[in-house]
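What follows is the residue order along each chain.
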Amino acid sequence: MPGDAPDLSDHPLMKHLNAPQREAVCHAHGPLLILAGAGSGKTTVITRRIAWLIEEEGVHPGSILAMTFTNKAAEEMRDRVQRLVSVPLEQLWVSTFHSFCTRILRREGDRTPVGRDFVIFDPSDQKSLMKQVLAELHLPEKQFHPRKVLEVISDFKNRCLLPEEAREEALDPWTRKVLEAYDLYQKGLRSHRACDFDDLLLYTERLFREPALQTAYGDRFKFILVDEYQDTNRAQYLLVQHLARRHHNLCVVGDEDQSIYGWRGADIRNILDFQRDFPEAVQIKLEQNYRSTQRILDAASSVIANNSQRLGKTLWSDLGHGESIVFKLTDEGRLEAEWVVQRILELRATDAEAKVAVLYRANWQSRQLEEALRARNLPYRLVGGVKFYERQEVKDLISYLRLVSNPFDLVSFRRCVNAPSRGVGPTTLAKIEGAIPEGGTALEGLADLLRRGELKGRAQREMGRFLELFRRAAGEREAQGLAGLVRWVLQESGYLQSLEDEGTLEAEGRIRNLEEFLSAAAEAESLGVRLSEFLDRITLAADADQVEESAHLSLMTIHCAKGLEFPYVFVVGMEEDVFPNRNARETPEGLEEERRLFYVAITRAQRRLTLTAARRRRIMGTEMLGMPSRFLREIPAEALQAPIRWGTELYQAGEGVRPGSSFTRGAGGASVATELQRIRGFFDRVRAQAEEPADPSGHRDEQPEPEPESRPAAGAWPGGTRVRSPRFGRGIIVASSGSGDGLTYTVRFAEAGEKRIVARFGMLEKEG
Ligand SMILES: Nc1ncnc2c1ncn2[C@@H]1O[C@H](COP(=O)(O)OP(=O)(O)OP(=O)(O)O)[C@@H](O)[C@H]1O
Ligand SMILES: [Mg+2]
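Source: prediction; values computed, not measured. (Residues numbered from 1 in each chain as written. Chains lettered and ligands numbered in written order. Predicted model: local features only at pLDDT ≥ 70, side-chain atom pairs only at ≥ 80, totals over all residues. Heavy atoms only, no water.)

A. Main features of the confidence of the model for the chain. For the chain, the average pLDDT comes to 86, and 89% of its residues sit at 70 or higher. Under a pLDDT of 50 for its full length, residues 654-713 has, in the predicted model, 117 contacts with residues more than four places off or in other chains. Scored as a whole, the predicted complex attains pTM 0.82, and scored at its interfaces, ipTM 0.99. (pLDDT = per-residue confidence, 0-100. Contact = heavy atoms within 4.5 Å.)

Here it is as structure tokens:
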């Protein structure tokens, strides 16, 4: 409140802060909610407030608990506070929820079933335990994939539900079985004296339900501050509630528009209900953004205004209008990556230290960027992820290809023989290796064992198939070329199938990486590259990674970029099915979460925001025509350097934010109404993707063609959709053409290869 605290603006801890920020910093007691948009100084306020409590209110650092979202954020916050205060801060608790809970359980663990000296199970430990559990319950892994079951259990735990408490939720037989597995899994963890990550929260929350402990810790942490409150899940929410119940000195900051972890159980209601939980809460709004220029903010506000689940707030900046937002459409994915790298090099020429971030929706998108950066020897850092060619599934696939290329490669043999799991334990592996003839290969050793009937049961079956794969590979390599071989290996090895069976979000990400690898192979093949050269390139590329990393150029997913800021930001892949993501746009909630992600992406930029897209992109090795991301149209024309065109098509909202509200008039001089209809039609067809129809009898779309080579089939399933045909089994749509009765899909079937199927007769079913 201006004028409310006239003296404080001179206080060193209030330096540069505006009136509402100051009010939040010196707010002494009672619940405080700071609900504000991106870059308005929420994290800054938390940091200053901690310093204020210590320096001005005389609060002991050990009485303050601050929760952040990542370890990195915690470190940074501690450093910043330390620079502001004169006392040592060893006793100050700044941590993530998980590390906070670990510390509590190490002290109080005697009261939990796993004691104080528990071990923490990582995902692979969890999986092995779950496999035992499933075996014990005679639940086939095909229907109860260990990771899928663990995903469901995790969801229960995030909602603080133990097996007996989750019964009401288990309405179908499958979930009821999962609950049995949950129960046994917990018993297993207990017998190992182990916690999984979710247990850390779950057990701590249970502990704090006890009045004695609640009082003890409530008295210890007299002041609690939580950053990124919009992304807390139920367990975290309850934990904070227990701790704050005693003193009510809880300060939470958040932005409902930046809630991007719904898929991990974050509950946006936690922030929306704060006032209900603490009726006496003071609410402070921060409206000035100190991070970005006005144009960037306009774009962000305009985009997020399309969401319904929000409280609504204004943001302004006095950093000036700034540079216009650039949108660049390139012909294909590789050119998009090269264009971005070229712009970064130009930037470097004028400002060698410029901090740049390239953001993308999903991990698979890093591949072409990494390749383009390496081609120009530009050091970069991949934040919060693993470099593309070092990802587990990518390395697994490479090991198959290496072994095809060079059967003597024992290291690759060892890797791929059990990926996916074929029940080959160390004993069998030793047997195989023991059977390798002098100067021969592991495959020969394996063949020998099989001939002598020394492998039994599952190992015999699976190893027989494995051997057969390599017997046929040479022929496939000749007949199908590089990309064909990769696709064939993915299918024949059962690798893809095992991930599909898993059906988890993580598996989905891995599948996307493998599909991207397939695209890399297709790209290389189109340049005349053969298998061994392709493998050499990958090895050399991985080697080039030994060069230094640069903190000035960061590549990361948007999720990883939360809370961060960079002068120069690129957001790549602005196409439907990429961003918004292919799965997420199925539901209105999913779409809103994608839009919040885009809002987060835009608001990372301080000075310059560049959006890019590719007209064609290889999906699973096949070139697909991309459609413009619907989000592009939500950016106001005034914020953009030039109207967005997609090919010859104008694709942009003129003013206002609601789709279809009003459009810039096309340069061709068409009437606004016609233009409107044309663009709307285009937008409606966004769901449909098509390649040039190969079949001349394919029914032609009556509508005007936006592109000579594209004939989007209205209402068709997009490329990438997984389908099942009664005749050919499971497959994936790679293209479609025609419409109505003439709608025809090109489907790549796992068994039968590529087929063209007329939708009306093909009885295709979409797979869930
Ligand atoms: N009063 C101020 N004067 C000048 N700069 C400020 C002020 N308040 C915050 N800043 C700066 O603005 C930027 C954004 O601040 P901060 O990261 O705290 O915002 P935030 O609300 O936490 O953002 P996000 O929503 O992305 O987490 C930082 O560079 C910070 O130093
Ligand atoms: Mg922040």
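B. Expanded view of unusual backbone geometry. The amide bond that connects Ala419 to the next residue, Pro420, takes the cis arrangement and shows omega of 5 degrees. With respect to the element layout, Pro420 can be found in the loop between helix 17 (410-416) and helix 18 (426-434). Residue Phe579 is joined to Pro580 through a cis peptide bond whose omega torsion reads 5 degrees. When you line up the elements, Pro580 lands in the loop between strand 13 (566-571) and helix 24 (588-602). Even without being a glycine, His16 presents a positive backbone phi close to 70 degrees. Among the secondary structure elements, His16 is positioned in the segment before helix 1 (19-26). (Helix = DSSP H or I, 4+ residues; strand = E, 2+ residues; numbered from the N terminus.)

C. Highlighting the side chain of Ser366. Inspection of the secondary structure puts Ser366 in helix 15 (residues 366-375). For Ser366, a relative accessible area of 0% gives the class buried. In terms of polar contacts, Ser366 uses its side chain to reach the side chain of Glu370, at 2.8 Å. Those residues in contact with Ser366 that sit more than four places away from it in its chain are Tyr360, Leu382, Phe388 and Arg391. (Buried < 20%, exposed > 50% of the residue type's maximum accessible area, 1.4 Å probe, protein only. Polar contact = N/O pair within 3.5 Å; in protein donor to acceptor, adjacent residues only side chain to side chain.)

D. Molecular detail of the nonpolar core. Phe413, Met463, Phe466, Phe470, Val486, Phe517 and Phe534 are the most contacted members of the largest nonpolar core, which totals 59 residues. If you tally residues by element for this core, the top one is helix 20 (residues 457-492), at 13 residues. Once you skip the residues sitting within four places of it in the chain, Phe517 turns out to touch Phe388, Tyr389, Val394, Leu397, Ile398, Leu401, Val486, Phe534 and Ile538. By size, the runner-up hydrophobic cluster in this structure holds 43 residues, among which are Tyr261, Ala561, Met574 and Leu591. (Core = buried A, V, L, I, M, F, W, Y, C linked by side-chain atoms within 4.5 Å.)

E. Summary view of the pattern of salt bridges. Scanning the entire structure with this criterion turns up 62 salt bridges. Residue Arg414 pairs with Glu433 through a salt bridge whose shortest N-O separation is 2.6 Å. In this pair, Arg414 is assigned in helix 17 and Glu433 in helix 18, connecting sequence segments 19 residues apart. Judged by its relative accessible area of 40%, Arg414 falls in the partly exposed class. On the accessibility criterion, Glu433 (24% relative accessible area) is partly exposed. (Salt bridge = Lys/Arg side-chain N within 4 Å of Asp/Glu carboxyl O.)

F. Molecular detail of the packing of aromatic side chains. One pass over the full model with this rule turns up 23 aromatic pairs. Taking 5.1 Å as the distance between ring centres and 90 degrees as the angle between the ring planes, the aromatic pair formed by Phe388 and Tyr389 counts as edge-to-face. By way of ring pairs, the aromatic residues Trp93, Phe100, Phe208, Tyr217 and Phe221 are connected into one cluster. Geometry around Trp93 places Arg103 over its ring, the cationic atom sitting 3.7 Å from the centre. (Phe/Tyr/Trp six-rings, centres within 6.5 Å; stacked < 30°, edge-to-face > 60°. Lys NZ or Arg CZ within 6 Å of the ring centre and 35° of its normal.)

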